[in-house]
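For reference, the chains in residue letters:
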Amino acid sequence: MARMKFICDAERCIECNSCVTACKNEHEVPWGVNRRRVVTINDGVVGQEKSISVACMHCSDAPCMAVCPVDCFYRTDEGVVLHDKDICIGCGYCSYACPFGAPQFPANGAFGLRGKMDKCTFCAGGPEADGSKAEFEKYGRNRLSEGKLPACAEMCSTKALLGGDGDVVADIFRNRVLRRGKGSEVWGWGTAYGKSPNAGAAPPAVAPQGKKS
Amino acid sequence: EIKTPVPAEGIVVSTPPQVPPGVASAPSPGFPGIESDDILKQNQAQRNEVQPGNASPTWRVIKEGTHNYSSLPALEAGVLIQPKAQFPGQARATTAGEAWRQYRNGPLTTFGGWLLIAAVVGLALAYFIGGKIRMKAPMTGRLIERFTSFERIVHWTVAITFVTLAFTGIAILFGKYVVLPIFGHTLFGWIAYAGKNIHNFVGPVFAVSLLVMFVTYVRDNLPTLTDLKWMTRLGGLIGKGHAHAGRFNGGEKVWFWFGVVVLGLIVSASGFVLDMLVPGLVYSRGNMQVANLIHLVAAVLVSAMSLGHIYLGTIGMEGAYAAMRHGYVDDTWAKEHHDLWYDDVASGKVPRVRSPEGAARVGAPVKAV
Amino acid sequence: MLLTRKGQSGQRSSTRFSSSLADTLSRALPTMDRRKFLKRSGIGVGAGIAAAQLGLIRKSNAADGAKPGAAGGKIEVRRTVCSHCSVGCAVDAVVENGVWVRQEPVFDSPINLGAHCAKGAALREHGHGEYRLKYPMKLVNGKYQRISWDAAYNEISAKLLETRKTSGPDSVFWVGSSKHNNEQAQLLRKFVSFFGSNNCDHQARICHSTTVAGVANTWGYGAMTNSYNDMQNSKAVMYIGSNAAEAHPVSMLHMLHAKENGCKVIVVDPRYTRTAAKSDQYVRIRSGTDIPYIYGMLYHIFKNGWEDKKYISDRVYGMEAVKEEVMKWTPDLVEEACGVPEAEVFKAAQTMALNKPSTVVWCMGQTQHTIGNAIVRASCILQLALGNVGISGGGTNIFRGHDNVQGATDVGPNPDSLPGYYGLATGAWKHWCTVWGVDYEWVKKQFASQAMMEKSGTTVSRWVDAVLEKNEMIDQDSNVKAMVFWGHAPNSQTRGLEMKKAFDKLDLLVVIDPYPSATAAMAAMKVDGQELNPNRAVYLLPAATQFETSGSVTASNRSLQWREKVIEPLFESRTDHMIMYQFAEKLGFAKELVARLRMVPGKGGMMEPEPESILEEINRGTWAIGYSGQSPTRLKAHMRNMHLFDVKTLRAKGGKDAATGYDITGDYFGLPWPCFGTPELKHPGSPNLYDTTRHVMDGGGCFRANFGVERDGVSLLAEDGSHSVGSDITTGYPEFDHILLKKLGWWDDLTDAEKKAAEGKNWKTDLSGGIQRVAMKVHGVHPFGNAKARAVVWNFPDPVPKHREPLYGTRPDMVAKYPTHDDKKAFWRMPTLYKSVQDKNVEQKLYEKFPIILTSGRLVEYEGGGEETRSNPWLAELQQENFVEMNPKAAADRGIRDGEYVIVSTPTGARIKVKAMVTPRVGPDTAFIPFHFSGWWQGRDMKEYYPEGAAPIVRGEAVNTATTYGYDSVTMMQETKTTICNIEKIVA
Ligand SMILES: Nc1nc2c(c(=O)[nH]1)N[C@H]1C(S)=C(S)[C@@H](COP(=O)(O)OP(=O)(O)OC[C@H]3O[C@@H](n4cnc5c(=O)[nH]c(N)nc54)[C@H](O)[C@@H]3O)O[C@H]1N2
Ligand SMILES: Nc1nc2c(c(=O)[nH]1)N[C@H]1C(S)=C(S)[C@@H](COP(=O)(O)OP(=O)(O)OC[C@H]3O[C@@H](n4cnc5c(=O)[nH]c(N)nc54)[C@H](O)[C@@H]3O)O[C@H]1N2
Ligand code: HEM
Ligand code: HEM
Ligand code: SF4
Ligand code: SF4
Ligand code: SF4
Ligand code: SF4
Ligand code: SF4
Ligand SMILES: [Mo]
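Residues numbered from 1 in each chain as written. Chains lettered and ligands numbered in written order. Predicted model: local features only at pLDDT ≥ 70, side-chain atom pairs only at ≥ 80, totals over all residues. Heavy atoms only, no water.

Participant: Please give an account of the interface of chain A and chain B that cites residues and values.
Facilitator: For interface size, the figure often reported is the accessible area lost on association. Between chain A and chain B, the residue contacts involve 62 residues of the former and 63 residues of the latter. Both sides of the chain A and chain B interface together cover about 5100 Å² of buried area, and 60% of this is carbon and sulfur. Our enumeration of links across chain A and chain B arrives at one salt bridge. Linking Arg101 of chain B and Asp61 of chain A is a salt bridge whose minimum nitrogen-to-oxygen distance equals 2.7 Å. At the boundary of chain A with chain B, the tally comes to 20 residue pairs in polar contact (both at pLDDT 80 or more). (Contact = heavy atoms within 4.5 Å. Buried area = accessible area lost by both parts, 1.4 Å probe. Salt bridge = Lys/Arg side-chain N within 4 Å of Asp/Glu carboxyl O. Polar contact = N/O pair within 3.5 Å; in protein donor to acceptor, adjacent residues only side chain to side chain.)

Structure (structure tokens):
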């Protein structure tokens, strides 16, 4: 069984924000809600700058899921963490819990008014029928059901962002690492998939130096 | 035609390492046995020189939860992974979100749940074993105005908002374990949605009425030596004879000071933060986590305490509810429970009637409730 | 209590939810096959992993293709090309009932393999155009009012005809567009010619004009020699003055792939850019000092004997003279000028010399200077010295700008040339009149005189002066009185303060643009104390975008791609070529404009020239640069069969187009020009220019013989043995004409019909293509000759590139050593100042009041003047305010904190308000402001002046409001990369 994961290759990511706009375009996500964002570390510092694109990592032991007071999260066979907006009460707890800042809210008002949580769906829609209008309006397109991979990864300008079966993307990534002999860290995997990642989805064990974050 | 390079004499190729502004180059907690301390001090540029391609310093920066650059204006857009945190009692630091989740979903949910259950069980035992505290002497028919209508309005405003908050708040915390399995997702979702919004709006009303209550009730709740004695005798359970008490006894004062004032204020203050009503505050995830934990602990404690108060105010003690409902108590009740206060009323130090409309009713017997 | 797996739907009592969840769980993922998956995930993975390991495959019937919505409307997929930069990324637009509902990556495109940058990924917004101009408008009493197309046409053409009558045809200036497709660009050049003027220009002037002039004069064609794809073959690459990661993001796909295979990357830039972040070596130079730096490298190259001596002697003219100048640039002088220590320069030189093939990439960092023409030539010289030109993996990879700036430069509205760089001489006019099917004498009569017909017009960088300059100082009868902005923003030209004066002085301003609002607002706004021409008329006409029409677009690598029409023109907008035709009707030359074109019904059934027929006209006339072979049929076949082309070589191994039966075998993708001869010759296009390792019919070539055969007794032709593979002539030779053909005894290789057409003609003017056919196909020689590249360009102000300081600088000591040029009179019709400005600035010690170098450039999210992209919410959200990058030290000195508003002041008196971004991206002596913003005027929001509903979401201060005077000494390129400023804290 495929276990969907993202890898963002910091040796490639150039902060072009294609992944961000691809997501906006594909799902018509409103202004202010960013299912994906790009972060640059040590911006402008010679020899130290790295950019990384981040969205929901679809964690194995997902903190968002655990804290949700109405238990509206569920996980698909592919390991994609989804939620039901009809149930969500907009309490914001998932966003406090998520290590990656993935959950987003259309508003951020006084009295804790946030609206329904929105986050990256790995382009897998939501609980509504696949490809239905209701699904699109609430969660955006369901690309997985169309046999397509996430829009962000597909359109990434440098293919820094890989989204797909954890084993496969790890293979692709490992291949690159071997060729360039560096940049072996798989960003975010330690945090998202924990110490005992799903069977068959071990983070690519490459060059020994460096650790996962 | 390419010749072997002959670098000019004395040429040393190097880019002076830079330290980013605001990013401390100080080492993060070490990883014993993996890297020497020295290496931990290297920034990425320095590391590149000795170990090209090793990006550990960068990954460390990420794990420290630093605010990095992101072109998006959102508050924490530049934070890749939440910084590490370790709440009291936790074995090791994890990302703050994870630490919060473990704390909230772990001990707080568990102990909080048990505490509330224990409180209910305890009161049930008190009721079924100890029984209702009844007046020993017959009623005199002579009434004392114990609470003016204003005092009562204040009390009931607080009480009603409190109960609302407690129910809705507890639904947020425990609903999914208790209510959800019964009602199912959709129905519970609606209930929780309504409850959450009610909670968020009623909260401030509670907080304001709480302040009024404080002003209204503080005078007679000022602690005295009598209260200490009352407490050492646990309100008369230990020793013989009635424990002396003023208008409010030691127990009530504990409720007032610790339950109402301290916990109430903590719950309110943290509630205002959670409601994002405090101007100038940064509503970061970290702040919200802390506010939530404080709110939660205080809320559970105050809820548990309130159970005791409500018990005594209703089925636990004869005549108490009437006092708060209508404002009047019988001389007997006053004598038996608040003897010092009764003395003051009897001696005229404290007027028997304090509100103008009260005069009419005093003297006439009050219907039993 | 950890709820890690919520699989048991039975727990859920809500039937709707649980059943849908069950659906989710039981949903089998229809998958793509492994090859497709890998392709979608990353390039260059290929072999190595057995297909069986792919955990994703569960069903073999891949559910590919678009399946949007469930509405069951009519769904079509149209292939188009991103319109935001010259990379040329293909996009599949999914259209449902005429609405652009989705956008899918084109994994088959050898150029982008499905990849996009932010702008490309947000392209679909064009199909909605919420903030576009929706109908024609006219400025009445300071407010824009809706009018009809008919009224607009009548009023504008009456005014144009009147202006032409009273002030002559040169009093109207036409700013065309690099965003027009090739067909529209060519049609506009024809249109302006028939109006009787050469006063037309487009973005290339302020973009790569110095490159085009400098590079063409060095070796033949002023274009990128290789391709983005070919960079995969490079072993080292030096980006100098290019921030490709933001400006050409998808090119990085190829570069990073090369890097993974060991390619060394050097970035030379005053700023530590996103591109620099991917470099192995970053070199920070002072803005404007590329020549000292390049000479510093050449110094080490010559000193260590790293130059390619055989290559130089075979294929380069004048290297000795250059070497002489180079050796004067000792490391200490280099360090003094550009601030780079010897070790750094040495390391870069060594990397480039010892990791060949190595390539140089440049862009605006080199071109936008008063000495841009010299800087780009210095880069060419570096590559010539290393023997890197004409080699796969080498070359000068000059990243062009707009999506079709290459095409518009090749065939569009240039003031100094007819399409195809034919120039303006009588012969050129006659050539094009024949192609266009019009009478030369008639065209001549449209002009003020034959002299004006053959004199270059003025440039878009100087239109302001053409309006404001004293009449006796300019080299045409009347000043410019009417401006037509036909796809060009105002905030992209320098000296904004004066531009506003020019706007207010005009008699007529017409803006034809889907997003004309920056110009509109700038014209409408009131500036205190400034006189406004009471008779001025301002009109806005809604043009359709490139997604509402079809046509060809030339990417930076010279490949042509055909865009299919995605949707019908939105609102009341019309296609540019329809507007051209309809104007021509009013102006009286419609018949001539479309003499050889097919007319087809367009929007609302109105007639417009068919793009295919215009491309065929381009094919018929543009022999000089090989735009003759790219017929619509061939281009469309390429677009349909992208999967047949190799990503690294761009070549099709084999295959036939199913629709037409056209055999693609051997073609290079998009038939990169030159694609010589007629389409029937089946020249495959030229992936890398001047490549002698290939046969000319294989896209090979040599340097062009464009500058005679000898100079001062020295031969300019290539040496013996230096020729393209399979050439019948094994030494240098001049360009071909009927005489040479006859002398060589090859005349009879022509058919009789060809002979008739070729008589008296040369390879550029022979409309039969016979000369090209015989030279290439029969004899394997290049029609443009086989010469040496010129390291010395004797017809330029500095034949050997020389460093000269910018007019506005912070280093008077350097000005003393490296002063600028003398002032020029009548240069592109305008007086142009150099020395007098520079001297005055030093005299007035401006460097004390304005101690920071101000440079400008790009952000990945926005494009050009930015009106289009700032109107796109998906992009606008990502950059909500303009800012100035300043070093922490510069900020600390001024007590400025990150994120607060500051005033940037320049010697023009402009005071613009932007946010401070305190960052080590720039050094303490430099500041950078992106130029994509407009809509604020020195701190004031101009929203009220915008046509209603057409103000973009994000507005901000335009850096060009504050930029200063300064123009390249050959092409009139504006100086935008080096000027001076001060940054002031705002004290309330
Ligand atoms: N996102 C985006 N992409 C675009 C465009 C856009 O508007 N937005 N426009 C397109 C167009 S029209 C063009 S022309 C290209 C331009 O593409 P680029 O030229 O790559 O972009 P710029 O940011 O203008 O300038 C490149 C770099 O030159 C540096 N520079 C400044 N002064 C000097 C100098 O004196 N020497 C050197 N060596 N470097 C210097 C700047 O710091 C900057 O990083 O981009 C195209 N692509
Ligand atoms: N300070 C500073 N100034 C610069 C530069 C710099 O680096 N620094 N860079 C310079 C460079 S390289 C360039 S190329 C210029 C770019 O500057 P401009 O080319 O002036 O900027 P754009 O906004 O791209 O202008 C294109 C216009 O064409 C319109 N348009 C798009 N498609 C169509 C179409 O199909 N038909 C018609 N009629 N109109 C269309 C758009 O709406 C837009 O208004 O800026 C230059 N200015
Ligand atoms: C004393 C009475 C109160 C009790 C018993 C109480 C209880 C609770 C509980 C149990 C929670 C859920 C915590 C969790 O699940 O982690 C909660 C959340 C919350 N409380 Fe209270 N609370 C009280 C008063 C207030 C007040 C006075 C305010 C505001 C001024 C407030 C605002 C909130 C907010 C904003 C939340 C977060 C819920 C959301 O937005 O979804 N509460 N409360
Ligand atoms: C339904 C719930 C409640 C009931 C039935 C109830 C009942 C009573 C009664 C009967 C009294 C009078 C006791 C006496 O005469 O000495 C009283 C007093 C009081 N109650 Fe409540 N109460 C309730 C909830 C609350 C709540 C939520 C608060 C505050 C958070 C509160 C705060 C007080 C205070 C401050 C007094 C005055 C005595 C003192 O200062 O301790 N009550 N209540
Ligand atoms: S990344 Fe955040 S939102 Fe996504 S599964 Fe993990 S915790 Fe949940
Ligand atoms: S915001 Fe919605 S999804 Fe997130 S924890 Fe609250 S109810 Fe659950
Ligand atoms: S996977 Fe889909 S939903 Fe998630 S960030 Fe990418 S495009 Fe957006
Ligand atoms: S699209 Fe790719 S390269 Fe661009 S920001 Fe996203 S992950 Fe990075
Ligand atoms: S702007 Fe350029 S790089 Fe970006 S998608 Fe468009 S063509 Fe490609
Ligand atoms: Mo450009």
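Participant: Describe the site of ligand 7, naming the residues involved and giving the relevant values.
Facilitator: Residues and elements named next belong to chain A. Taken together, Phe6, Cys23, His27, Arg35, Arg36, Cys120, Thr121, Phe122, Cys123, Pro150, Ala151 and Cys152 make up the full set of residues near ligand 7. For the shell around ligand 7, the secondary-structure elements that each account for two or more residues are α1 (18-27) and α5 (151-155). For the shell around ligand 7, a count of residues per class yields eight nonpolar, two polar and two charged. (Near = heavy atom within 4 Å. Helix = DSSP H or I, 4+ residues; strand = E, 2+ residues; numbered from the N terminus. Nonpolar A, V, L, I, M, F, W, Y, C, P; charged D, E, K, R; others polar.)

Participant: Kindly report on the pairing of strand β26 (residues 852-857) of chain C, identifying the contributing residues and their values.
Facilitator: Residues and elements named next belong to chain C. Burial analysis of β26 places six of its six residues in the buried class, which makes it a mostly covered element. Alternating residues of β26 divide into Ile852, Leu854 and Ser856 and Ile853, Thr855 and Gly857, and every residue in both groups is buried. Pairing analysis gives three bridges linking β26 to strand β34 (residues 979-985), with the strands arranged antiparallel. Of the residues in β34, the one forming a bridge with Ile852 is Cys981. Of the pairings in the sheet, the one linking β26 to strand β30 (residues 926-930) comprises five bridges and is parallel in character. The residue bridging Ile853 from the neighbouring strand is Thr926, located in β30. (Buried < 20%, exposed > 50% of the residue type's maximum accessible area, 1.4 Å probe, protein only. Pairing = 2+ DSSP bridges.)

Participant: Give a detailed account of the packing of aromatic side chains, specifying residues and quantitative values.
Facilitator: Tallied over the entire structure, the rule returns 54 aromatic pairs over all chains. In this arrangement the basic side chain of Arg114 of chain A is found over the ring face of Phe105 of chain A, its NZ or CZ atom lying 5.9 Å from the centre. Cation over ring: Lys915 of chain C sits above Tyr901 of chain C, and NZ or CZ is 5.4 Å from the ring centre. (Phe/Tyr/Trp six-rings, centres within 6.5 Å; stacked < 30°, edge-to-face > 60°. Lys NZ or Arg CZ within 6 Å of the ring centre and 35° of its normal.)

Participant: So what about the site of ligand 2? Which residues, and what values?
Facilitator: All names here are of chain C. In the neighbourhood of ligand 2, 36 residues make up the surrounding shell, with Gln203, Ser492, Asp513, Asp576 and Glu863 lying closest. Within the contact set of ligand 2, an oxygen atom lies 2.6 Å away from a side-chain nitrogen or oxygen of Gln203. Contact between ligand 2 and Gln546: an oxygen atom at 2.9 Å from a side-chain N or O atom of the residue. Compared with its free state, where it exposes 910 Å², ligand 2 has 99% of that area covered by protein. Of the residues that constitute the shell around ligand 2, the class distribution is 12 nonpolar, 17 polar and seven charged. Two domains each put at least three residues into the shell around ligand 2: domain 1 (140-207 + 405-613) and domain 4 (812-985). (Areas by Shrake-Rupley, 256 points an atom, 1.4 Å probe, with all protein chains shown as cover. Domains from an automatic or database assignment.)

Participant: Just give me the short version of the coordination of the iron atom of ligand 3, but keep the residues and values in it.
Facilitator: Residues and elements named next belong to chain B. Around the iron atom of ligand 3, the donor atoms from the protein are His199 (NE2) and His295 (NE2), and they sit 2.0 Å away. Geometry at the iron atom of ligand 3 is octahedral, judged from the six donor atoms that bind it and their angles of 82 to 180 degrees at the metal. Residue His199 is found in helix α7 (residues 185-217), and its partner His295 is found in helix α10 (residues 285-316); the two are separated by 96 residues along the sequence. Of the two residues, His199 and His295, neither departs from the other in class, the shared state being buried. (Donors = N, O, S within 2.8 Å, 3.2 Å for Na, K, Ca; no water. Tetrahedral: all angles 85-135°; square planar, octahedral: opposite > 155°, others 65-115°.)

Participant: Describe the coordination of the iron atom of ligand 4, naming the residues involved and giving the relevant values.
Facilitator: All names here are of chain B. Distances from the iron atom of ligand 4 to its protein donors, His155 (NE2) and His309 (NE2), fall within 1.9 to 2.0 Å. If you look at the iron atom of ligand 4, its six donor atoms make angles of 88 to 179 degrees with each other, and the shape they trace is octahedral. Note that His155 is positioned in helix α5 (residues 149-178) and His309 in helix α10, a separation of 154 residues in sequence. By relative accessible area, which is 29% here, His309 ends up partly exposed.

Participant: Give a detailed account of the sheet that holds strand β32 (residues 940-941) of chain C, specifying residues and quantitative values.
Facilitator: All names here are of chain C. Pairing in this open sheet of three strands is mixed, and the strands run β32-β31-β33 from one edge to the other. In this open sheet, the two edge strands, each paired with only one partner strand, are β32 and β33 (956-957). Sheet analysis places strand β31 (residues 935-937) next to β32, joined by two bridges and oriented antiparallel. Bridging from a neighbouring strand, Trp937 pairs with Arg940 of β32.

Participant: Tell me about helix α6 (residues 166-180) of chain A, and please be specific about residues and values.
Facilitator: Residues and elements named next belong to chain A. For α6, built from 15 residues, the straight-helix expectation of 21 Å at 1.5 Å per residue is met to within 8% by its first-to-last C-alpha distance of 21 Å. For α6, the full list of buried residues reads Gly166, Val168, Val169, Ala170, Ile172, Phe173, Arg176, Val177 and Arg180. Looking one or two residues beyond α6, the residue adopting positive phi is Gly181, at roughly 70 degrees. (Expected span 1.5 Å × (residues − 1).)

Participant: Residue-level account of helix α13 (residues 339-347) of chain B, with values.
Facilitator: Residue and element names in this part refer to chain B. For α13, every residue scored as buried is listed here: Asp339, Trp341, Tyr342 and Val345. Mapping the buried residues of α13 onto a view down its axis gives an arc of 155 degrees, with all of them on the same face. Next to the buried residues of α13 lie β3 (143-145), β4 (328-330) and α12 (331-337). Backbone geometry just after α13 places Gly348 at a positive phi near 85 degrees. (Arc of directions from axis to C-beta.)

Participant: Please give an account of a nonpolar patch on the surface that cites residues and values.
Facilitator: All names here are of chain B. Among the surface-exposed residues, Leu225, Leu228, Met231, Val254, Phe258, Val262, Ile266, Val290 and Ile294 lie close enough to one another that they form a single nonpolar patch of about 740 Å² accessible area. Those elements that provide at least two residues to the nonpolar patch are α8 (225-232), α9 (250-274) and α10. Looking at which element gives the most residues to the nonpolar patch, the answer is α9, with four residues. Looking at where Phe258 falls in the secondary structure, it is placed in helix α9. (Patch = residues over 30% accessible without salt bridge, like charges linked within 9 Å, V, L, I, M, F, W, Y side chains within 5 Å.)

Participant: How would you explain the nonpolar core if you had to name every residue and give the values?
Facilitator: Where a protein is soluble and globular, its nonpolar side chains tend to be buried together. With 155 residues, the main nonpolar core has Met238, Tyr239, Tyr293 and Leu298 of chain C as its most contacted residues. Setting aside residues no more than four positions away along its own chain, Tyr239 of chain C makes contact with Met231, Ala244, Met252, Met255, Val265, Ile266, Val267, Val268, Thr275, Val361 and Phe399 of chain C. The next biggest cluster of nonpolar side chains, apart from the first, holds 98 residues, and it includes Ala10, Cys72 and Leu82 of chain A together with Ile62 of chain B. (Core = buried A, V, L, I, M, F, W, Y, C linked by side-chain atoms within 4.5 Å.)

Participant: Quick rundown of empty space enclosed by the protein? Include the residues and the values.
Facilitator: Tallied over the entire structure, the rule returns 19 cavities of 30 Å³ or more. Taken together, 34 residues form the lining of the second largest cavity, with Gly169, Ile172, His199, Leu274 and His295 of chain B sitting closest to its centre. Elements that contribute at least two residues to the lining of the second largest cavity include exactly α3 (93-97) of chain A together with α5, α7, α9 and α10 of chain B. In the lining of the second largest cavity, the residues fall into 19 nonpolar, 11 polar and four charged. (1 Å grid on protein atoms, 1.4 Å probe; cavity = no way out; pocket = protein on both sides within 12 Å on 5 of 7 lines; lining within 4 Å. Points joined across faces, edges and corners; volume = space filled by probe spheres on them.)

Participant: So, the UniProt feature "domain: 4Fe-4S Mo/W bis-MGD-type" (unreviewed entry) in chain C: which residues are in play, and what are the values?
Facilitator: Mapped onto this structure's residue numbering, the UniProt feature "domain: 4Fe-4S Mo/W bis-MGD-type" (unreviewed entry) falls at residues 75-131 of chain C. The span residues 75-131 of chain C is 7% helix and 37% strand, and its two end C-alpha atoms sit 26 Å from each other. (UniProt positions renumbered as here; feature names shortened; annotations may be inferred.)

Participant: Please set out the domain arrangement of chain C residue by residue, giving values where relevant.
Facilitator: Residues and elements named next belong to chain C. Domain annotation of chain C identifies domain 1 (140-207 + 405-613), domain 2 (212-392), domain 3 (737-780) and domain 4 (812-985). Here domain 1 and domain 2 have C-alpha centroids that lie 36 Å from each other. Domain 1 puts eight residues into the contact, and the matching count from domain 2 is 10 residues. Together, the buried faces of domain 1 and domain 2 total about 680 Å²; carbon and sulfur atoms form 54% of this surface. Of all residues in domain 1, the largest losses of buried area upon contact with domain 2 belong to Cys207, Ser556 and Arg558, amounting jointly to 53% of the total for that side. Taken together, the connections running from domain 1 to domain 2 amount to zero salt bridges.

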